[in-house]
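For reference, the chains in residue letters:
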Amino acid sequence: MYFKMALFHNRFLALALLMLGVIGTVSANNTPCVTHDANFTPDAVLVVTSKNISQSCYPAKETVVVNGTTPGPELRITEGKTYWIRVYNNMPDQNLTVHWHGLSQALSPFADGTPLASQWPIPPLHFFDYEINVPIGMAGTYFYHSHVGFQAVSASGPLIVEEQDKTTIPYRYDEEKIVFLQDVFTKNDSAVVKGLLGTPLSWSGETAMVLMNGKGGGSANGTACNASLGIIDVEPGKTYRFRFIGGTALTFVSLGIEDHDDLVVIEADGSYTKPLNTTYLQIATGQRYSLLLTTKFAPSKSEYTIQLESRERSTLTRGFAILRYSTPEKPCPPEQKFYPPVKAPLTLPNTTLDFLDYSLSSLHYEHYPKPEEVTRRVTITVHQSVLSGGPTIWVQNSYPWQDTFPQEPYLVSLYRNDGAKFPSMERALANNGIDPVTRAFPAQIGEVLEVVVQNTGADSGGQDVHPFHQHGQHYWDLGSGNGTYDHVANDALWAEKEKLGIYPPVRDTSMLYRYRGSAVIGNGTAQGWRAWRYRAEQPGVWMVHCHILQHMIMGMQTLWVIGNSSEVLTLRGGEGDDTGVEGLDGYLTYGGSVMGNETHAPQVVHFKDNEGSDAWTDEQR
C-alpha cells in the first residue's frame with residue numbers, strides 16, 4: 001500500500017511533463033516568478049482522481065483517491081529544504097486543495113490548502129505546484145489531505161519529515177512503521193455533503209469501518225464485516241517506532257495491541273516528548289503520535305491482534321489488524337490473509353477524558369511562554385444551532401464559516417481589496433476576540449495568547465466532542481477540564497507539574513471533550529474546555545477548526561489573522577507604487593495563471609527564494 005514517493009521517477013510524472021510540452025520562459029530581472037514548464041521537475045507528484053472502488057466489505061462507490069489508492073502514497077521530506085509537490089486535479093467536476101497538516105506554510109502564503117482562507121481551489125483538470133519548506137526542528141509525523149468538502153475521508157496520505165542531522169534524533173529504534181487510520185462510510189461524498197447542508201439535517205451515518213493502512217474488518221453497530229485485515233510485519237527483539245496518524249473523518253479511536261501493552265509515547269503532532277508509558281492509545285482525527293514498541297524476543301505465536309474501536313459515538317465500530325512476527329530465515333508468505341477474530345481479544349477502556357493531559361511533557365520547553373507573559377485570553381465558544389426553517393449549523397462565538405461566507409478566500413480578498421476588510425482589533429476586543437464584521441480573530445505579532453475552546457450544550461440539549469486543529473503554528477497545550485476554564489487554578493497545577501519536570505506538550509490538534517456523555521444539558525451551558533498558549537509569530541491567515549469533517553462542513557471552523565496588514569500582505573507593493581511581487585495576480589483569481597493545465601504551464605512565485613535562500617538546489621534535483 002505504501003511506498004516512498006520516488007523523486008522524479010514516478011509514472012505520473014512522465015504524463016505530467018508530456019502535458020507541458022510548451023516551453024515557457026523564466027521571468028527576467030531575477031524576479032521570483034518562474035514558469036514551470038517542461039524544464040521544471042517537481043520533487044513529487046500527486047494525481048487526484050475519483051473512481052468506483054470497494055473498501056472493506058462494503059459495495060463499491062465513487063471515491064476520491066491519490067495516485068490510484070486510498071490512502072495515498074507516503075511522502076518523505078527533510079527539514080530545512082524546500083520542496084515542490086505538484087498536485088493534479090484530474091477530476092472533471094470537483095475542486096481540490098491539499099493541506100499539509102501540521103506544517104506552517106507562512107513562507108508560502110497561498111499553499112496552505114485552505115480554500116476559504118488562503119487559496120483558490122484547483123479547478124477541475126488543472127494542477128498546482130505547492131511549495132513546502134519545513135524549518136529545522138520540525139521533523140516529525142504529519143499527513144496531507146484535501147480540504148474541500150468530504151474528500152479528505154479518502155484523499156489523504158502520510159507525510160514524514162526527517163531530521164537533516166540524524167544524530168539529533170533523541171530516541172533510538174531499529175525500524176519504523178506507519179499506522180494510517182481512516183473511516184469508511186456507506187454514502188458517497190456528495191450525498192454526505194448534501195445531507196449535512198440540507199434542511200432538515202440528514203446525518204452522514206456512523207462510521208461503517210475503521211481501516212488501518214487501507215484495510216480492515218470487524219463489526220459496525222453489531223453487524224459483522226468479514227473483510228481482510230491490514231498487516232504490520234515485525235521481527236523479534238527489535239524496537240520499532242510506530243507512527244500513528246489519525247486520518248479518520250469522524251472516529252475518535254481507542255486502540256491496543258494484544259499482549260503488547262508496553263508502549264512508549266515519544267512524539268505528538270510533530271514534536272518530540274519525554275517518554276511516557278501507556279498500555280493503549282486514544283487518537284482523534286488530525287492527531288499523530290509516535291510510540292516505541294519493543295517486540296518479544298521469543299513470541300509464543302506469530303500473529304497478534306491490533307484492535308481499534310470508536311469512542312463517543314451512538315454506535316460502536318470495531319476494527320482489527322494484525323501484528324505479524326517473522327524472521328529473514330522464516331519469512332511470511334506475501335499472499336497470506338487474515339480475517340477478524342470471532343471474539344475481540346482486548347477490553348479497551350472507555351473514553352479517558354484527560355488522556356495524556358498533564359502527564360505528557362514536551363522534550364524541549366525552553367521557549368514555553370510563562371503565565372505572566374500572557375497578554376490576552378480569548379475564548380472560542382462552540383455551539384450547535386438549528387436555524388429557524390433552515391439547516392443545522394456549528395458556530396464559533398455565534399458565527400459559522402462555510403462556503404456561503406466568505407465568497408472568496410479571505411487572504412485573496414485582502415490582497416484584491418474588493419470585499420473582506422482587514423479585521424478590526426478594536427471590534428475584536430469589544431467582542432471577546434472576534435471581529436463580528438469579518439468573523440475573524442485578529443492578533444498582533446509577539447502577543448502571547450491563551451486561547452480557550454469552550455464546549456456548550458446544543459439547541460437540542462446534546463453535546464459532542466471536537467478535535468480542534470490550528471493552522472499556521474503549533475501551540476503549547478495546557479490541558480482540559482469540565483465546566484469553564486480557571487486560568488489561576490490551571491497555572492497552579494502546571495507550576496506543580498513543572499517541579500516534576502513536566503511541561504505542556506506542543507500540539508496542533510487536541511481534544512475538546514464532553515463531560516456528561518449523552519445526557520441532556522441546557523442550551524448554551526458551558527460544559528468542557530481546552531486551553532492553548534502560544535506566542536503569535538507566523539503572520540498570515542490561518543484556519544482554526546474542528547477536524548471532524550462533518551462538523552467542518554456544517555460551519556465549525558473559524559479564522560485567525562496574525563499580524564497587521566503590512567505584515568500579512570507582504571507581497572504587494574506599498575500604496576501608490578507597483579513594487580509588488582511579480583506573479584502575485586496569478587494567485588488572486590480562480591483558475592489564474594498559477595494553475596497549469598494541458599494548454600499552458602503555470603507561472604509560479606518561488607516564495608522561499610524571496611528569503612534569500614538557495615531554495616532549489618542541485619541536491620534536490
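Just so you know, the residues in each chain are numbered from 1, in the order the chain's sequence is written. Restriction of local features to residues with pLDDT of at least 70 applies here, the model being predicted, together with a cutoff of 80 or more for giving and counting side-chain atom pairs; totals for whole chains, interfaces and linings are based on all residues. Calculation of side-chain values draws on the structure's entire complement of heavy atoms; hydrogens and water are dropped beforehand.

A tally of regular secondary structure across the protein chain gives seven helices and 34 strands. Throughout, the radius of gyration refers to the C-alpha atoms, and the reference size of a globule is 2.2 Å times the residue count to the power 0.38. Computed over its C-alpha atoms, the radius of gyration of the protein chain comes to 24 Å, within 12% of the 25 Å expected for a compact globule of 621 residues. If you line up the protein chain on its principal axes, its C-alpha atoms span 75 × 55 × 55 Å. Only protein chains enter the accessibility calculation, which uses a 1.4 Å probe; a residue is then buried when its area is under 20% of its type maximum, exposed when over 50%, and partly exposed in between. For the protein chain, with 621 residues in total, the buried portion stands at 60%. Note on contacts: a residue pair is in contact if any heavy atoms of the two residues lie within 4.5 Å. The contacts of the protein chain with a sequence gap of at least 6 include a subset with a gap of at least 24, amounting to 76%. For the protein chain, the exposed surface amounts to about 23,600 Å²; the carbon and sulfur share of it is 51%. A residue counts as positive if it is Lys or Arg and as negative if it is Asp or Glu; His and the chain ends are not included. By convention, charge coordinates are those of NZ in Lys, CZ in Arg, CG in Asp, or CD in Glu. Averaging the coordinates of the 45 positive side-chain charges in the protein chain and doing the same for the 64 negative ones gives two points 7 Å apart. Numbering of helices and strands runs from the N terminus, with a helix taken as a DSSP run of H or I at least four residues long and a strand as a DSSP run of E at least two residues long. Only the protein chains shown count as cover for residues, and all accessible areas are computed by the Shrake-Rupley method using a 1.4 Å probe.

So, on to the pairing of strand 16 (residues 252–257). Taken across its six residues, strand 16 has six buried, putting it largely inside the fold. Where burial is concerned, the two faces of strand 16 agree: the one with F252, S254 and G256 and the one with V253, L255 and I257 are both buried. Direction of pairing for strand 16 relative to strand 21 (residues 303–311): antiparallel, over a ladder of six bridges. Following the sheet pairing, L255 is matched in strand 21 by L308. Pairing between two strands requires that DSSP report at least two bridges joining them.

What follows is about the side chain of T273. Checked against the element boundaries, T273 lands in strand 18 (residues 271–278). On the basis of relative accessibility, which here comes to 2%, the residue T273 falls in the buried class. Residues within four places of T273 in sequence aside, it is in contact with Y171, V265, I266, E267, A268, L360, S361, S362 and L363.

This part covers the state of the cysteines. In what follows, a disulfide is any cysteine sulfur pair within 2.5 Å. Here the structure, examined in full by the defined rule, presents one disulfide. Each sulfur in the disulfide pair C57 and C225 lies 2.1 Å from the other. As the torsion about the S-S bond is roughly -135 degrees, the C57-C225 disulfide counts as left-handed. Linking C57 in the loop between strand 2 (44–53) and strand 3 (61–66) with C225 in strand 13 (residues 223–225), this pair joins segments that are 168 residues apart in sequence. Given the relative accessible area of 37%, C57 is considered partly exposed.

We call Phe, Tyr and Trp rings a pair once their centres come within 6.5 Å, taking the six-membered ring for Trp, and we label the pair stacked below 30 degrees between planes, edge-to-face above 60, and tilted otherwise. Enumeration over the complete set of coordinates arrives at 27 aromatic pairs. Taking 4.0 Å as the distance between ring centres and 10 degrees as the angle between the ring planes, the aromatic pair formed by Y475 and W532 counts as stacked. Remark: W532 occurs in strand 31 (residues 526–535) and Y475 occurs in strand 28 (residues 475–481); sequence separation between them is 57 residues. We classify Y475 as buried; its relative accessible area is 0%. On the basis of an interplanar angle of 55 degrees and a centroid distance of 5.6 Å, the ring pair of Y587 and F607 is categorised as tilted. Remark: F607 occurs in the segment after strand 34 (603–605) and Y587 occurs in the loop between helix 7 (565–568) and strand 34; sequence separation between them is 20 residues. With a relative accessible area of 6%, Y587 lands in the buried category. We classify F607 as buried; its relative accessible area is 5%. Ring pairing ties together the aromatic residues W100, F110, F128, Y130, Y144, Y415, Y587 and F607, which thus form one cluster.

Of the residues making up helix 2 (residues 189–197), those classed as buried are D189, V192, G195 and L196. Buried residues of helix 2, seen end-on, are gathered within an arc of 135 degrees and therefore sit on one face of the element. Across from the buried face of helix 2, at angles greater than 90 degrees, the exposed residues are S190 and K194. On the buried face of helix 2, the contacting elements are strand 3, strand 24 (392–396) and helix 6 (549–553). An arc is given here, and it is the one of the directions from the helix axis to the C-beta atoms.

Next up on the list: the sheet that holds strand 27 (residues 466–470). A sheet is described by the order of its strands in space; here five strands give the open sequence 25-33-32-27-30, paired in mixed fashion. Pairing within the sheet leaves two strands with one partner each, and these edge strands are strand 25 (440–443) and strand 30 (509–512). Neighbour to neighbour, the strand axes of the sheet diverge by 25 degrees on average, direction disregarded. Both strand 27 and strand 32 (residues 540–546) contribute to a ladder of three bridges, which runs antiparallel. Across the sheet, Q470 pairs through a bridge with V544, a residue of strand 32. For helices, the fitted axis covers only the stretch in contact; all axes are lines through C-alpha atoms, and the angles between them, taken along N-to-C directions, range from 0 to 180 degrees.

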